[in-house]
Amino acid sequence: EPKWVQMILTNQMDSSVDLRPANIIALLDQNPNVTTWTGRTPPYGYRDWWPPSLGFNVLEPPFDDANVRWAINHALDREELVEIGQQQAGESSLLPFPAFAPLRTYLSEVDDLLERYPVGLHDPDRSADLMRASGWLRREDGLWMKDGQRVRIVLEGYPGLFLDIAPIMVQQMRNAGFDASFRFTSDAVTRIARGTARAFINGNGGSVRDPYFTLRLYHSRYVSPTGVAAASYWRWGNPEFDAVVDEMGQISPEDPRTVRLFRQAMEIWLGELPSIPLVQWFHRVAQNQTYWTNWPSAEDPYMNSAFWVRSWLIVLLALEPAQAAPSR
C-alpha cells in the first residue's frame, strides 16, 4: 500500500485497490488531482457487502466458550476504531450485515435484541465478570489465566487490509487482560480456512437484500475440523439455528414468516456471538485525474469503483482523457 500511495501521489498510477483512510487523506492533502467516490470528503468510498467481524475457530478453546467471546466483545471500543483507526471516515457495525437499504426492514426488527444482547457496549468490567464466570483469574501482570494457560489472541488477516483497526483492537484487548497481538501474512487465507488461525478478521460476504445469505454462512454444514479447509470460516454450529435457516431458505423473502424466522435466528446468534461485528466495509479507491477523468462516483454512479469485481471494462470505456494532460 505505501508504494501505491507514492505512485498515485507522483502521478505514476491512475488508481489502485482499496486504501486505508489515513492514506486516502494523505493523498487528498498532497495531490489536488486525486479524488474518491465521495470526492474529497469522508467517507471517501461506499459501503460494500463485506462487513468485517472478528472471528474465531470456535472448535478450539478458549474460543469455544461464548462467555469468552462476549468478554472479548466488551473489551472492544468500536467508536475508537472508527474515530482513530478510520480517521472518522467509517461506521461501526453491531450485526454481520451491510447497512444496505433493502436490509434495514429486517435489521430494525432486532433492535430490541441488541438491547438484550448489547454488542455495542464497551465495558471492561462486564468483560472481566464474564471471564471470572468461566473460571479465569487475572494475574498480577494483568493477563487472564486458567489451568496454566493465557487467553492468547493472535489476530490474523490479509496483508495490509485491516491495518487501520487491528493495532487498536490489539491494544484494547490487552487493556482488558487478553494476551493479544496481530500478524498479517501471505498465507493468511490458508490459515484462516484451515482453522489454524484461531482468531482472525474477515468479512461477511452474504446478504444484500434479505438476511438469508449471511445467516447461511453460519450454518453447521460449513463446519470442518481444525486443519481441514472450510468454505465458510466461522466454524460455529447450532442445530436450532440450522433449522431456522433451513426453513427460511424454503420460503420467499417477501413471505411474512421471514421476519419471524430472522428474529429467531438472530436471538440464537446473538446469544452465542460466534463472531464479533466490527465496522462496515467501505471501498475507498483513490483515483488520479491527471490523465483520465469521468471515474465512477457518488455523483455519477454508472458503476462501482471496485474494478476488480469484473467492472473494469465498463470503467475503461467511460473514462475520458484529461484536458491538457501532461505527458507521462
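Look a little higher up for the structure.
This is a predicted model, so every value here is computed, not measured. (Residues numbered from 1 in each chain as written. Predicted model: local features only at pLDDT ≥ 70, side-chain atom pairs only at ≥ 80, totals over all residues. Heavy atoms only, no water.)

## A short note on the overall build of the protein
Now for step 1: Looking only at helices and strands, the protein has 13 helices and 14 strands in total.
Now for step 2: For 328 residues, the compact-globule estimate of 2.2 N^0.38 gives 20 Å, and the C-alpha radius of gyration of the protein, at 21 Å, lies within 12% of that figure.
Now for step 3: With respect to the three principal axes, the spread of C-alpha positions in the protein is 70 × 55 × 35 Å.
Now for step 4: Out of the 328 residues belonging to the protein, those deemed buried represent 52%.
Now for step 5: The long-range fraction of contacts in the protein, counting pairs at least 24 apart against all pairs at least 6 apart in sequence, stands at 72%.
Now for step 6: Taken as a whole, the protein presents about 14,900 Å² of accessible surface, with 50% of it coming from carbon and sulfur. (Helix = DSSP H or I, 4+ residues; strand = E, 2+ residues; numbered from the N terminus. Rg over C-alpha atoms; globule rule 2.2 N^0.38 Å. Buried < 20%, exposed > 50% of the residue type's maximum accessible area, 1.4 Å probe, protein only. Contact = heavy atoms within 4.5 Å. Areas by Shrake-Rupley, 256 points an atom, 1.4 Å probe, with all protein chains shown as cover.)

## Regarding the pairing of strand β3 (residues 52–56)
Here is the key point about a regular strand: its side chains alternate between the two faces of the sheet.
Now for step 1: Within β3, five of the five residues are buried, which leaves the element mostly enclosed by the surrounding structure.
Now for step 2: The alternating pattern of β3 places P52, L54 and F56 on one face and S53 and G55 on the opposite face, and all of these are buried.
Now for step 3: In the sheet, β3 pairs with strand β9 (residues 199–203) via five bridges, with the strands oriented antiparallel. For F56, the partnering residue across the bridge sits in β9 and is A199.
Now for step 4: Sheet topology note: the β3/strand β10 (residues 275–277) ladder contains three bridges and is antiparallel. (Pairing = 2+ DSSP bridges.)

## Remarks on a nonpolar patch on the surface
Now for step 1: On the surface, W4, V17, W308 and V309 cluster together to form a nonpolar patch covering roughly 320 Å² of accessible area.
Now for step 2: The residue V309 is located in the loop between β13 (292–293) and α13 (312–318) in this model.
Now for step 3: On the accessibility criterion, V309 (45% relative accessible area) is partly exposed. (Patch = residues over 30% accessible without salt bridge, like charges linked within 9 Å, V, L, I, M, F, W, Y side chains within 5 Å. Salt bridge = Lys/Arg side-chain N within 4 Å of Asp/Glu carboxyl O.)

## As for the pairing of β9
Now for step 1: In terms of burial, β9 is largely enclosed, as five of its five residues are buried.
Now for step 2: Here β9 shows no split at all, with A199, I201 and G203 on one side and F200 and N202 on the other all buried.

## What to know about the sheet that holds strand β6 (residues 149–150)
Now for step 1: Reading across the sheet, the three strands line up as β4-β5-β6 and stay open at both edges, with antiparallel pairing between neighbours. In this open sheet, the two edge strands, each paired with only one partner strand, are β4 (137–138) and β6.

## Focus: the pattern of salt bridges
Now for step 1: On inspection of all chains with the given rule, the structure shows 12 salt bridges.
Now for step 2: Between E156 and R183 there is a salt bridge; the shortest N-O distance is 3.1 Å. Placement of the pair is E156 in strand β7 (residues 152–156) and R183 in strand β8 (residues 179–183), with a sequence separation of 27 residues.
Now for step 3: With a shortest N-O distance of 2.8 Å, R257 and D255 are connected by a salt bridge.
Now for step 4: Classification of R257 by relative accessible area gives partly exposed; the value is 36%.

## Here's the deal with the packing of helix α1 (residues 2–9) against helix α2 (residues 21–30)
Now for step 1: Where α1 meets α2, the axes come as close as 10 Å, and the angle between the chain directions of the two elements is 15°. As judged from the angle between their axes, α1 and α2 are roughly parallel. Between α1 and α2 lies a crossing whose hand is right-handed. Residue-level inspection shows V5, I8 and L9 of α1 in contact with α2, the latter providing N23, L27 and Q30. (Axes fitted to C-alpha atoms, helices over the stretch in contact; angles between N-to-C directions. Parallel < 35°, antiparallel > 145°, perpendicular 65-115°, else oblique. Left-handed = near helix turned anticlockwise from the far one by under 90°.)

## What to know about the nonpolar core
Now for step 1: L54, I72, M169, M173, F178, M266 and L278 are the most contacted members of the largest nonpolar core, which has 75 residues in total.
Now for step 2: Looking at which element gives the most residues to this core, the answer is helix α12 (residues 257–272), with seven residues.
Now for step 3: Among all residues touching L54, those that are not within four sequence positions of it are I72, L76, L155, M169, M173, F200, S275, I276 and L278.
Now for step 4: Counting residues in hydrophobic clusters, the runner-up holds 12 residues, among them I8, L27, V34 and Y44. (Core = buried A, V, L, I, M, F, W, Y, C linked by side-chain atoms within 4.5 Å.)

## With respect to unusual backbone geometry
Now for step 1: With an omega dihedral of 5°, the bond running from P42 to P43 counts as a cis peptide bond.
Now for step 2: Turning to its location among the elements, P43 is positioned in the loop between β1 (34–35) and β2 (46–47).
Now for step 3: Of the consecutive residues P61 and P62, the connecting peptide bond is found in the cis state with omega at 0°.
Now for step 4: With respect to the helices, strands and loops of the structure, P62 is situated in the loop between β3 and α3 (66–75).
Now for step 5: Backbone geometry places Q88, a non-glycine residue, at a positive phi of 60°.
Now for step 6: Locating Q88 in the fold gives a position in the loop between α4 (78–85) and α5 (101–107).
Now for step 7: In the Ramachandran plot, L273 falls in the positive-phi region, its phi being about 45° despite a non-glycine side chain.
Now for step 8: Within the secondary structure, L273 sits in the loop between α12 and β10.

## A short note on the packing of helix α11 (residues 239–248) against α12
When two helices pack together, their arrangement is given by the angle between their axes and by how far apart the axes lie.
Now for step 1: Packing of α11 against α12 brings their axes to within 9 Å, and their N-to-C directions diverge by 160°. Between α11 and α12, the crossing angle belongs to the class labelled roughly antiparallel. As for how α11 packs across α12, the hand of that crossing is left-handed. In contact with E240, F241, V244, E247 and M248 of α11, α12 contributes T258, R260, L261, F262, Q264, A265, I268 and W269.
Now for step 2: Each residue belonging to the contact of α11 with α12 can be placed in one class, and the counts come to eight nonpolar, two polar and three charged. (Nonpolar A, V, L, I, M, F, W, Y, C, P; charged D, E, K, R; others polar.)

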